[in-house]
Amino acid sequence: MGIRLGKTPPRGRDFRLAAWFFTGCLTMLAAPLFLLSGCQGVEHSLQALRQLLWVEGDKGAQEAEEETLPPRFGGLPSGRLQPGDALADPSSLAVQTGAIAPQDTVDSLLTGNGLTPGQVQEVLAAAGQENSLARIGEGRRYEVAAGREGLRRFLLQLDGERRLRIYRTRQGALRARVEQIPYDVQAVRLEGKIQGSLFETVAEGGATPAVAMEIADIFSYVIDFHKELREGDKLQVLLERRALDGEGAGFGRILAAKLTVRGKEHTAFHYGGSGDYYSAQGETLRRAFLRAPLRYTRVSSRFSHARFHPILMRTRPHYGVDYAAPAGTPVHSVAEGVVAWAGPRGEAGNTIRIIHPGWYETSYFHLSRFAEGIRPGRKVRQGEVIGYVGATGLATGPHLDYRIVHRGRPIDPLAAELPSGWPLLEEKRVEFRRAVQEMEAGWAKAPLLEAPDGEVASASAAERPLF
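Now for a description of the structure that goes with this document.

Rules used in this analysis
- Residues numbered from 1 in each chain as written.
- Predicted model: local features only at pLDDT ≥ 70, side-chain atom pairs only at ≥ 80, totals over all residues.
- Heavy atoms only, no water.
- Core = buried A, V, L, I, M, F, W, Y, C linked by side-chain atoms within 4.5 Å.
- Buried < 20%, exposed > 50% of the residue type's maximum accessible area, 1.4 Å probe, protein only.
- Helix = DSSP H or I, 4+ residues; strand = E, 2+ residues; numbered from the N terminus.
- Contact = heavy atoms within 4.5 Å.
- Pairing = 2+ DSSP bridges.
- Axes fitted to C-alpha atoms, helices over the stretch in contact; angles between N-to-C directions.
- Arc of directions from axis to C-beta.
- Phe/Tyr/Trp six-rings, centres within 6.5 Å; stacked < 30°, edge-to-face > 60°.

## Examining the nonpolar core
Thought 1: Grouped together as the largest cluster of nonpolar side chains are 31 residues, with contacts concentrated most on Tyr-323, Val-331, Ile-352, Tyr-364, Ile-386 and Leu-400.
Thought 2: Secondary-structure elements contributing two or more residues to this core are strand S14 (321-324), strand S17 (350-356), strand S18 (360-370), strand S20 (385-389) and strand S21 (399-406).
Thought 3: Not counting chain neighbours up to four residues away, the residues in contact with Ile-386 comprise Val-331, His-332, Ser-333, Ile-352, Ile-354, Tyr-364, Phe-370, Ala-371, Ile-374 and Val-380.
Thought 4: Counting residues in each nonpolar core, the second largest holds 27 residues, with Ile-194, Val-211, Phe-251 and Tyr-277 among its members.

Right, here's the structure in full:
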């Protein structure tokens, strides 16, 4: 039985059918190569071939071609770092970057960038409880990229090191992940002589108050900044300067530091995954006790067996050290321990007393208030904020009266020989010495940091990652 032929189709239609068939075959053959290689040249060749095969004036075919072409990548301002399963950006995408304002919420931020309430709920659900967006800190950087179909990505700075990315996958769902902020890092030197204060010296050298605070923290176990630091003492620091997309983004870790106080050089080298600092000899700078419970304030009254009391107008012992500081200044526990008392105590005002190992006790007088959760029986960590400076009890102004008792006997916090920390294990010493040599070599080559245009660096320049 012969094949019955139908009516011959028009020549133009026959050409279009052949074109569709030919294009489909080429696409099927080229797709695996395109997916495996990611080569844009294959895709461009297919586009050119399609343009040759489409019949001129066939508007429907042109529109179909525009809809089926894969969207081109419009890279993040931070560049090159979209996840492998992310849906690529279309040619037109609204991208908004900025910093969280005091009145901002995630809802207001996303709806302000064109998302519907339903799409906002999709973002919150993708974040989940482990990445709760109920509270977003003021000043954190963010990026919102949205198109007609909704959110493509939402980036939110979590801290100086991490950011949360919520993005749309090629399957259409939103996914959340925490990732490191991709800084470009350069080691730089900061050098200077103490003039005025540690903060002023660091600022004159081109760094920020946050760097000065970290230097004070590193050496706080071995140097009493209230008592020992003097004009003309020498400071040298090797630290990381960060940039993101060519713009300054504050400073990272302090790699090493040297502080010469009254002719004696104290060294600190960053070593180990825990981020501890050690002297050049491998001795830990961390001690069982901090030298002071406040960060870099002024001693207004010292330990004495006979001090004239300005309110009671009589002489009596003062078994503590008074630190003058603004009301509300955080007070830190100098060592690990257990809270034995947290409440008002007559002349001492709001008081915290902590029991530490080795028969040590510390007390903190005249607090304006206690930190959240501080109560008798609570364990505290070294350096944990336990309260805030005030003027409760008998006090002429805001200050902290800090006291130490050892085996029932008051001792001078500024002169006491307190327990030390542990040195590096012997098997780690060789590796540590090699790390120190590498840092010393890098120190010599690192460029000198300078304040921009001879001005003091401002606090706003610190920790300012851009997206």
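## As for the sheet that holds strand S7 (residues 234-244)
Hydrogen bonds between backbone groups are what pair the strands of a sheet, and the pairing can be parallel or antiparallel.
Thought 1: Spatial strand order, S6-S7-S8-S9-S10: five strands in an open sheet with antiparallel pairing. Among the strands making up the open sheet, the edge pair consists of strand S6 (184-193) and strand S10 (276-278). Going across the sheet, the axis of each strand differs from the next one's by a mean of 30 degrees, ignoring polarity.
Thought 2: Summarising the sheet, strand S9 (residues 264-271) and S10 pair through three bridges and their orientation is antiparallel.

## Describing helix H7 (residues 209-219)
Thought 1: Every buried residue of H7 is listed here: Val-211, Ala-212, Ile-215, Ala-216, Ile-218 and Phe-219. Projected down its long axis, H7 carries its buried residues within an arc of 160 degrees, all on one side.
Thought 2: As for H7, its buried residues are in contact with helix H6 (198-204), S7, strand S8 (247-261), S9 and S10.

## As for the sheet that holds strand S3 (residues 150-157)
Thought 1: Pairing within the open sheet is antiparallel, and its five strands lie in the order S1-S2-S3-S4-S5. The sheet is open, and its two borders are formed by strand S1 (94-99) and strand S5 (174-180), each paired with just one other strand. Strand after strand, the sheet turns through a mean of 10 degrees between neighbouring axes, direction not considered.
Thought 2: Summarising the sheet, strand S4 (residues 162-168) and S5 pair through seven bridges and their orientation is antiparallel. Looking at the pairing, Leu-164 lines up with Val-178 of S5.
Thought 3: Set on the sheet, helix H5 (residues 117-127) makes contact with S3, S4 and S5; between it and S5 the angle comes to about 55 degrees.

## Quick look at the environment of Ala-340
Thought 1: Among the secondary structure elements, Ala-340 is positioned in strand S16 (residues 337-344).
Thought 2: When its relative accessible area of 30% is taken as the criterion, Ala-340 is described as partly exposed.
Thought 3: Taking the C-alpha atoms as reference, Ala-340 lies 5.5 Å from Arg-353; in sequence the two are 13 residues apart.
Thought 4: With near-sequence residues (within four places) excluded, Ala-340 lies in contact with Arg-353, Ile-354, Ile-355 and Pro-376.

## Regarding the pairing of S16
Thought 1: Direction of pairing for S16 relative to strand S19 (residues 379-380): antiparallel, over a ladder of two bridges. Bridge pairing in S19 places Val-338 opposite Lys-379.
Thought 2: Sheet topology places S16 next to S17; six bridges connect them, and they run antiparallel. Counted as the bridge partner of Gly-343 is Thr-351 from S17.
Thought 3: The turn linking S16 back onto S17 is made up of five residues, and Gly-346 within it adopts a positive phi angle of 55 degrees.

## What to know about the packing of aromatic side chains
Thought 1: With the rule as written, the count across this model stands at five aromatic pairs.
Thought 2: Aromatic side chains Tyr-278 and Phe-432 sit 5.9 Å apart centroid to centroid with 65 degrees between the ring planes, which places their arrangement in the edge-to-face category. Here Tyr-278, found in strand S10, pairs with Phe-432, found in helix H8 (residues 426-445); they are 154 residues apart in sequence, far enough to count as distant.
Thought 3: Take Tyr-278: its relative accessible area is 11%, and that puts it in the buried class.

By themselves, these observations are geometric and do not establish any function.
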